[in-house]
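# Architecture and fold: a report
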Amino acid sequence: AIQLTQSPSSLSASVGDRVTISCRASQGISSALAWYQQKPGRSPKLLIYDASSLETGVPSRFSASGYGTEFTLTISSLQPEDFATYYCQQFNSYPQTFGQGTKVEIK
Amino acid sequence: QVQLQESGPGLVKPSQTLSLTCSVSGGSTGSGDSYWAWIRQPPGGGLEWLGHIYYSGSTYYNSSLENRVTISADSSKKQISLKLGSVTAADTAIYYCARCLMGYSGYDRWGQGTLVIVSS
């Protein structure tokens, strides 16, 4: 199975900060990657599909890039509602797998 | 707007079979534009893909579940079902159903999830 390693596992940031989360795949997955946001007690919410496409309704402060084995999710200016856990997921091969998550906390 | 709702027993005894249903509203499970997955999350843990089913009935499962999982669909009822056999405490989790549009990498619709506890 393809392993996805997210870094960092957690981070503390302030409102207005620029935040970058990395997702590294154990083998190439082209652009078959999604990013989700999950808040406590809620279902995951799709932010990014196909590695860099912004899901409808998601604020433009979220962006993502990458191809192959290296991917990043960027929040350009962190807002109070962005404090959550973020997951990447690969769709290149079975089984589909998720990263372990990155928890974004308030500094 | 497609909405998904999971339902089923919240408590299952060890060695028994966990059975859940996902009801889809606002869309069809029988169209060729999407596939439907089950994903779970242990309390305080990460996400695990269990498997998915296409409108044609073709299924893909996570081999880590060692052939314990079965996903089926009833398009007339607009329902997706999950069966997980021989459960143990390690199968305690929130179980989600989710939709992925064909040709896209991303589950764009999720149910609210249902907690299943495996305990005697």
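Our subject is the structure that appears above.
Now for a description of the structure that goes with this document. All figures in this text were calculated on a predicted structure; none of them were measured in a lab.

This part takes up the pairing of strand β5 (residues 48-54) of chain B. Residues and elements named next belong to chain B. With 6 of 7 residues buried, β5 is to be regarded as a mostly interior element. In the sheet, strand β4 (residues 34-41) pairs with β5 via 6 bridges, with the strands oriented antiparallel. Within the sheet, the bridge partner assigned to Ile39 lies in β5 and is Trp49. Where β4 hands over to β5, the hairpin turn is made up of 6 residues, of which Gly44 adopts a positive phi near 75°. Here 3 bridges tie β5 to strand β6 (residues 59-61), and the two strands are oriented antiparallel to one another. Counterpart to Ile53 in the pairing with β6 is Thr59. Between the end of β5 and the start of β6, which pair antiparallel, lie 4 residues, with Gly57 showing a positive phi angle near 100°.

Taken as a whole and judged by the stated rule, the model has 9 salt bridges over all chains. Between Arg61 of chain A and Asp82 of chain A there is a salt bridge; the shortest N-O distance is 2.8 Å. With Arg61 of chain A in the loop between β6 (53-54) and β7 (62-67) and Asp82 of chain A in the loop between β8 (70-75) and β9 (85-90), the pair connects residues that are 21 residues apart, well separated along the chain. Each of the two residues, Arg61 of chain A as well as Asp82 of chain A, counts as buried. In this structure, the salt-bridge partner of Glu48 of chain B is Arg40 of chain B, at a minimum N-O distance of 2.7 Å. Residues joined in a network through salt bridges with shared partners are Arg40, Glu48, Arg68 and Asp91 of chain B.

It is worth spelling out the packing of aromatic side chains at this point. Any two aromatic rings considered together are summarised by their centre-to-centre distance and by the angle between their planes. Scanning the entire structure with this criterion turns up 12 aromatic pairs over all chains. Aromatic side chains Tyr49 of chain A and Tyr104 of chain B sit 5.3 Å apart centroid to centroid with 70° between the ring planes, which places their arrangement in the edge-to-face category. Remark: Tyr104 of chain B occurs in the loop between β9 (93-101) and β10 (107-110) and Tyr49 of chain A occurs in strand β5 (residues 45-49); the pair is interchain, linking two chains. Looking at Tyr104 of chain B, the relative accessible area reads 40%, which means it is partly exposed. Taking 5.9 Å as the distance between ring centres and 80° as the angle between the ring planes, the aromatic pair formed by Tyr54 of chain B and Tyr60 of chain B counts as edge-to-face. The exposure class assigned to Tyr54 of chain B is buried, which follows from its relative accessible area of 17%. Among the aromatic residues, ring-to-ring pairing joins Tyr36, Phe91, Tyr94 and Phe98 of chain A together with Tyr35, Trp49, Tyr54, Tyr60, Tyr96, Tyr107 and Trp110 of chain B into one connected group.

Once that is clear, we can look at the nonpolar core. Within the largest apolar cluster, 26 residues are counted, with the highest numbers of intra-cluster contacts made by Leu4, Ile21, Leu33, Trp35, Leu73 and Tyr86 of chain A. Where this core is concerned, the elements lending two or more residues are β2 (10-13), β3 (19-25), β4 (33-38), β5, β7, β8 and β9 of chain A. It is β3 of chain A that provides the largest number of residues to this core, a total of 4 residues. Judged by nonpolar contacts, the second largest core, of 23 residues, contains Leu18, Leu20, Ile53 and Val87 of chain B.

Interface extent is often summarised as the accessible area lost during association of the parts. Between chain B and chain A, the contact holds 25 residues from the first and 20 residues from the second. Regarding the contact of chain B and chain A, the summed buried area is about 1,600 Å², with carbon and sulfur atoms giving 59% of it. Counting the surface chain B buries against chain A, the share from its top three residues, Leu47, Trp49 and Ser105 of chain B, is 37%. Linking chain B with chain A are 0 salt bridges. Our count for the contact surface shared by chain B and chain A stands at 11 residue pairs in polar contact (both at pLDDT 80 or more). Put simply, the parts of the chain that give the side of chain B that touches chain A at least two residues each are β4, β5, β9 and β10 of chain B. Broken down by class, the residue content of the side of chain B that touches chain A amounts to 11 nonpolar, 11 polar and 3 charged.

Thresholds applied
Residues numbered from 1 in each chain as written. Chains lettered and ligands numbered in written order. Predicted model: local features only at pLDDT ≥ 70, side-chain atom pairs only at ≥ 80, totals over all residues. Heavy atoms only, no water. Buried < 20%, exposed > 50% of the residue type's maximum accessible area, 1.4 Å probe, protein only. Helix = DSSP H or I, 4+ residues; strand = E, 2+ residues; numbered from the N terminus. Pairing = 2+ DSSP bridges. Salt bridge = Lys/Arg side-chain N within 4 Å of Asp/Glu carboxyl O. Phe/Tyr/Trp six-rings, centres within 6.5 Å; stacked < 30°, edge-to-face > 60°. Core = buried A, V, L, I, M, F, W, Y, C linked by side-chain atoms within 4.5 Å. Contact = heavy atoms within 4.5 Å. Buried area = accessible area lost by both parts, 1.4 Å probe. Polar contact = N/O pair within 3.5 Å; in protein donor to acceptor, adjacent residues only side chain to side chain. Nonpolar A, V, L, I, M, F, W, Y, C, P; charged D, E, K, R; others polar.

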